[in-house]
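Each chain, letter by letter, is given below.
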Amino acid sequence: MDLILNWTYISLIPPLITLILVLFTRRVDLSLGVGIITSAIVITQGNVGEMVAKIWQTFIDLIIEDGWLNTWSAYILIFLALLGIMSAFMSMSGGARAFTSYAMTKVKTRTGALLLSGILGIIIFIDDYFSAIITPQVSKPLTDKYKVSRAKLAYVVDTTASPIAVIMPVSSWGATIMGLTAPLLIAAGLSHITPFEAFLYMIPLNFYSLSAIILMFIVILTNFDIFGMKREESRAINDGILYDKKVEDDELQVAYHSSKSALIVPLVGLVAGVLIGMIYTGIKESGSLNPIVILENNSITHSLIFGGIIGVVLSLIYYYKFTRQDENFSSRDTWIGFKTGLQAMIGPIIVLILAWMTGELISELGTGELLGQMVKDSKISAAFLPAIVFVVACIMALTTGTSWGSFGILVPIAGNIIITLEVPELLLASIAAVLAGGVFGDHCSPISDSTILSSTGSGSDHIVHVMTQIPYAVIAAVVSLVSFVVVGFTTSTGLGLLVMIGLFIALTLVIKLVYTPIQAKR
């Protein structure tokens, strides 16, 4: 037993067990629970008492930090509860129904509904959590009307969350990435390049994020539905089944006479509240009016709570406005709205807590450090480094469920390898490869919090979302890998982009020539 627990690669086993269980059982709660237990066993060297204590302490640390409430995790959970309540009252006030009726006059097709969702996700680039939660709230009534499966909506939402946030300098991700890049630029002798300029140079090098977004539009415009997505879309188109029964919302009373403002105003209030919160907390923390500094120092969790409260208050105001004269509504319906909104979020909250606990324990295992060291110890040509770093970042984020953790571990490692080999021309490409791989792993990992939020917001079963998104993520990853190999050997960003675009043109032609979209049964 001791020999197994002290095996060099034992830290890879718990995350692999979790992923395998997810694939075979399709039970994310069970799989995460087993992952937590196996991780704790390895950490405590099989001591049962210490294992139980470690699991309990990991849970407590999510709630309490330094004797006080851990606002980062607690506020996200509270925000999810607020969002559930807000969604329930926006529905009961008739706002969702009225907005759908209005949007139907502007958007006439399923493709149009999905394009609107994708464009909205790109516009909301300030934070991936924010995008994953807000985009489906606006899109869901319209995509439901056109019988778009919730799995496909979740794919569009997830594809425009992290991939957009990671390539936008004016985002919560951008400031953090600049902070990680700054010391490496100096160490590599590239002090003439500012962190902001370096970030801009890395945008076209983040091949996965660009590939994922391009592929999403190809999928929408060509109705390219494969594997699990084809099954989900076929059920939606032919049987009107948009999502699994277990995530179906309870039936709520809906006001007949309403206005689209009952949906739009609470959502605008939520967005405005979050943005105001980010600006206020960023200025308060940094004392600066520089937008980049504000983004680097803001508290997204405090901002989400502030916006969430505003959104709930506005949704209640409109609910009472359109139901107070309606004899079908009573004070009991108000209570049902609160209860239904909270109940809708209990499942996602439990899964998110388990995912956080799994991530913390896997981090303590040192899985990420082990993968990073394997890259550092490899004796491979520097030209392959961007591609190798991309693959390792993919695996690391997939097994740990966090792209940010991969960034924190692999960016310094990749940078130092480049500096040691004295090939500074590959520094930005290698850092971009870490960012790209982190986002891919985030997309495919069932324990990723942003993926959980995307499926939650879209009303899709979580495992269905993960399994239907993986084929598209793999296609984008293969295209990205080829592009990183090209850049590694040529140091030409333009050539890498040309190869990426060429591969997608070829894919589109193949789809047009070979693929037959789902046809509605007559």
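Check the entry above for the structure.
Everything numeric here is computed off the predicted structure, so don't read it as measured data.

Cut-offs used in this document
- Residues numbered from 1 in each chain as written.
- Predicted model: local features only at pLDDT ≥ 70, side-chain atom pairs only at ≥ 80, totals over all residues.
- Heavy atoms only, no water.
- Helix = DSSP H or I, 4+ residues; strand = E, 2+ residues; numbered from the N terminus.
- Rg over C-alpha atoms; globule rule 2.2 N^0.38 Å.
- Buried < 20%, exposed > 50% of the residue type's maximum accessible area, 1.4 Å probe, protein only.
- Contact = heavy atoms within 4.5 Å.
- Areas by Shrake-Rupley, 256 points an atom, 1.4 Å probe, with all protein chains shown as cover.
- Axes fitted to C-alpha atoms, helices over the stretch in contact; angles between N-to-C directions.
- Left-handed = near helix turned anticlockwise from the far one by under 90°.
- Disulfide = S-S within 2.5 Å.
- 1 Å grid on protein atoms, 1.4 Å probe; cavity = no way out; pocket = protein on both sides within 12 Å on 5 of 7 lines; lining within 4 Å.
- Points joined across faces, edges and corners; volume = space filled by probe spheres on them.
- Nonpolar A, V, L, I, M, F, W, Y, C, P; charged D, E, K, R; others polar.
- Phe/Tyr/Trp six-rings, centres within 6.5 Å; stacked < 30°, edge-to-face > 60°.
- Salt bridge = Lys/Arg side-chain N within 4 Å of Asp/Glu carboxyl O.
- Core = buried A, V, L, I, M, F, W, Y, C linked by side-chain atoms within 4.5 Å.
- Parallel < 35°, antiparallel > 145°, perpendicular 65-115°, else oblique.
- Patch = residues over 30% accessible without salt bridge, like charges linked within 9 Å, V, L, I, M, F, W, Y side chains within 5 Å.
- Lys, Arg positive; Asp, Glu negative; His and termini not counted.
- Charge placed at Lys NZ, Arg CZ, Asp CG, Glu CD.
- Expected span 1.5 Å × (residues − 1).

## Description of the overall build of the chain
Looking only at helices and strands, the chain has 25 helices and two strands in total. Computed over its C-alpha atoms, the radius of gyration of the chain comes to 23 Å, within 12% of the 24 Å expected for a compact globule of 522 residues. Taking the principal axes of the C-alpha coordinates as reference, the chain spans close to 75 × 60 × 50 Å. For the chain, buried positions account for 56% of its 522 residues. A separation threshold of at least 6 residues defines the contact pool for the chain, and within that pool the share at least 24 residues apart is 79%. Counting every atom, the chain has about 22000 Å² of accessible surface; 66% of that belongs to carbon and sulfur.

## Side note on the packing of helix α8 (residues 128-145) against helix α9 (residues 150-159)
At their nearest, the axes of α8 and α9 sit 10 Å apart, and the two run at 145° to each other. Read as a crossing pair, α8 and α9 show a hand that is right-handed. Counted together, Ser131, Ala132, Thr135, Pro136, Ser139, Lys140, Thr143 and Asp144 of α8 and Arg150, Leu153 and Val157 of α9 form the full contact between these two elements.

## Focus: the state of the cysteines
By definition, a disulfide links the sulfur atoms of two cysteine residues through a covalent bond. Summed over the entire model, instances satisfying the criterion amount to zero disulfides. Residue Cys444 stays outside any disulfide, its sulfur separated by 7.9 Å from that of Cys394, the closest cysteine.

## Structural notes on empty space enclosed by the protein
Taken as a whole, this structure holds two cavities of 30 Å³ or more when the rule is applied. Taken as a whole, the largest cavity holds about 50 Å³ of empty space. What lines the largest cavity is simply Tyr155, Thr159, Tyr208, Ala212, His443, Gln469, Tyr472 and Ala473. At the level of secondary structure, the elements contributing two or more residues to the lining of the largest cavity comprise α9, α13 (207-222) and α24 (462-490). For the lining of the largest cavity, the element with the highest residue contribution is α24, accounting for three residues. Split into classes, the residues belonging to the lining of the largest cavity amount to five nonpolar, three polar and no charged.

## Here's the deal with the packing of aromatic side chains
Per the stated rule, a full pass over the model turns up twelve aromatic pairs. Between the aromatic rings of Phe89 and Phe338, the centroid separation amounts to 5.0 Å while the plane-to-plane angle is 70°, which identifies the pairing as edge-to-face. Taken as a pair, Phe89 in helix α5 (residues 71-92) and Phe338 in helix α18 (residues 331-365) lie far apart in primary sequence, 249 residues in all. Overall, the relative accessible area of 27% leaves Phe338 in the partly exposed class. Through successive ring pairs, a cluster of aromatic residues spans Phe89, Tyr319, Tyr320 and Phe338.

## Let's talk about unusual backbone geometry
In this structure, Gln45 is a non-glycine residue whose phi angle is positive, near 60°. Mapped onto the elements of the fold, Gln45 is located in the loop between α3 (28-43) and α4 (48-63).

## Some remarks on the environment of Ile310
Examined against the element boundaries, Ile310 turns out to sit in helix α17 (residues 300-323). When the C-alpha positions of Ile310 and Val268 are compared, they lie 9.6 Å apart, and in sequence the two are 42 residues distant.

## Quick word on the pattern of salt bridges
One pass over the structure, following the stated rule, counts seven salt bridges. A salt bridge links Lys152 to Asp225; the shortest N-O distance between them is 2.7 Å. Within this pair, whereas Lys152 is found in helix α9, its partner Asp225 is found in the loop between α13 and α14 (228-239), the two being separated by 73 residues in sequence. Here Glu232 makes a salt bridge to Arg235, at a shortest N to O gap of 3.1 Å. Of the two residues, Glu232 and Arg235 both sit in helix α14, three residues apart, roughly one turn of that helix.

## Structural notes on the side chain of Ser31
Turning to its location among the elements, Ser31 is positioned in helix α3. In contact with Ser31, other than residues within four places in its own chain, are Thr18, Leu21, Val22 and Thr25.

## Section: the environment of Ile300
One can find Ile300 in helix α17. The spatial distance from the C-alpha of Ile300 to the C-alpha of Phe130 is 8.9 Å, given a sequence separation of 170 residues.

## Re the nonpolar core
Core analysis: the biggest nonpolar cluster contains 78 residues, and Tyr155, Val166, Tyr208, Leu215, Phe390 and Tyr472 have the highest contact counts within it. When residues of this core are assigned to their parent elements, the largest contribution, twelve residues, is made by helix α22 (residues 427-444). If near-sequence neighbours (up to four positions away) are discounted, Tyr155 is found in contact with Ala212, Leu215, Met216, Val219, Met229, His465, Gln469 and Tyr472. Of all hydrophobic cores here, the second largest spans 64 residues; its members include Phe99, Ile134, Ile349 and Ile353.

## Regarding the packing of α9 against α13
With their axes 10 Å apart at the nearest point, α9 and α13 run at an angle of 150° to one another. Between α9 and α13, the angle falls in the class roughly antiparallel. By crossing handedness, the relation of α9 to α13 is classed as left-handed. For the pair α9 and α13, the contacting residues are Lys152, Tyr155, Val156 and Thr159 in the first and Ala212, Ile213, Leu215, Met216, Val219 and Ile220 in the second. In the contact of α9 with α13, the residues fall into eight nonpolar, one polar and one charged.

## What to know about a negative patch on the surface
A surface patch of negative charge is lined by Asp61, Glu65, Asp66 and Glu360. You can see Glu65 is positioned in strand β1 (residues 64-65). The exposure class of Glu65 is partly exposed, given its relative accessible area of 45%.

## A short note on α8
Look at α8: 26 Å from first C-alpha to last across 18 residues, which is about the 26 Å you get at 1.5 Å a residue. Extensive coverage of α8 is indicated by the burial of 16 of its 18 residues. Count one or two residues on from α8 and you reach Lys147, which has phi positive near 55°.

## Details of the side chain of Thr135
Checked against the element boundaries, Thr135 lands in helix α8. Accessibility expressed as a relative area gives 0% for Thr135, which makes it buried. Beyond its immediate sequence surroundings of up to four residues, Thr135 is in contact with Ser117, Leu120, Gly121, Ile124 and Val157.

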